[in-house]
Amino acid sequence: MSAVRAQALPGDRVHITTDSATEPFWQAAKERRLVACECADCGHFRMPPTPFCPECQSTAVDWVRLSGQGEVYSFTVIHGFPGLPDVTMVAAVVDLPDAPGARLVSNIIDVDPADVRIGMRLAVDFWPIADGWQLPVFRAVEPAEQR
Ligand SMILES: [Zn+2]
């Protein structure tokens, strides 16, 4: 069986915009670090980053460096994209164990979509995109490393 491997969109197709709330996340990703926005007052993690803490309305944030481990919370397999009929992508909502309550919407790459499972363990990687930015994506942790 010739397994389909999921991939991310070609980097030159992916354009991001940043604002003052999200730029630290993207700057860290550019340096291949995954960070999460934590309220400096109440410790609530919020992703995507927003200017105000939804719990206590504080604007004070700490950018916490994460291990890069993740777990599949939910996912969907996408076959084809406008102009790229042959691309297969796994779009996933990823739980971040180091940042309880925070989840990242991302892609799982280099995986057979049929092998993706809820709760599957992942590790972050970075995918070059337009304008010199890097997109955090995830790869499956090898089965031997599971548990
Ligand atoms: Zn707070």
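One can find the structure itself at the top, above this paragraph.
Now for a look at the structure at hand. These figures come from a predicted structure and were not determined experimentally. Within each chain, residue numbers correspond to sequence positions counted from 1 in written order. Reporting in this predicted model follows two pLDDT cut-offs: at least 70 for local features of residues, and 80 or more for side-chain atom pairs to be given and counted; totals over whole chains, interfaces and linings ignore these cut-offs and use all residues.

### Some remarks on the sheet that holds strand S7 (residues 121-128)
Working step 1: Within the closed barrel, the five strands sit side by side as S4-S5-S6-S8-S7. Their pairing is mixed. Strand-to-strand twist across the sheet, computed as the mean angle between neighbouring axes with direction ignored, equals 45 degrees. Two strands make a pair as long as DSSP finds a minimum of two bridges between them. The helix count covers DSSP runs of H or I at least four residues long, the strand count covers runs of E at least two residues long, and both are numbered beginning at the N terminus. In this analysis an axis means a line fitted to C-alpha atoms, helices contributing only their contacting stretch, and an angle means the value between N-to-C directions, from 0 to 180 degrees.

### Quick look at the environment of Pro 49
Working step 1: Looking at the element boundaries, Pro 49 is found in the loop between strand S2 (45-46) and strand S3 (61-65).
Working step 2: Expressed as a C-alpha distance, the spacing of Pro 49 and Asp 19, which sit 30 residues apart in the sequence, is 9.9 Å.
Working step 3: Each residue is represented by a C-beta atom placed from its backbone, and any two residues with such atoms within 7 Å are regarded as in contact. Beyond its immediate sequence surroundings of up to four residues, Pro 49 is in contact with Ala 21, Thr 22, Phe 25 and Cys 37.

### Observations concerning the pairing of strand S8 (residues 134-140)
Working step 1: Of all seven residues in S8, five are buried, a share of seventy percent or more.
Working step 2: Taken together, the two bridges between strand S6 (residues 103-109) and S8 define a ladder with parallel strand orientation. The residue of S8 that forms the bridge with Ile 109 is Arg 139.
Working step 3: Direction of pairing for S7 relative to S8: antiparallel, over a ladder of seven bridges. Following the sheet pairing, Phe 126 is matched in S8 by Pro 136.
Working step 4: Linkage of S7 to S8, two consecutive antiparallel strands, is achieved through a turn of five residues, within which Asp 131 is found at a positive phi near 65 degrees. Any residue whose C-beta has 12 or fewer other C-beta atoms within 10 Å is treated as exposed, any with 20 or more as buried, and any in between as partly exposed, C-beta atoms being built from the backbone.

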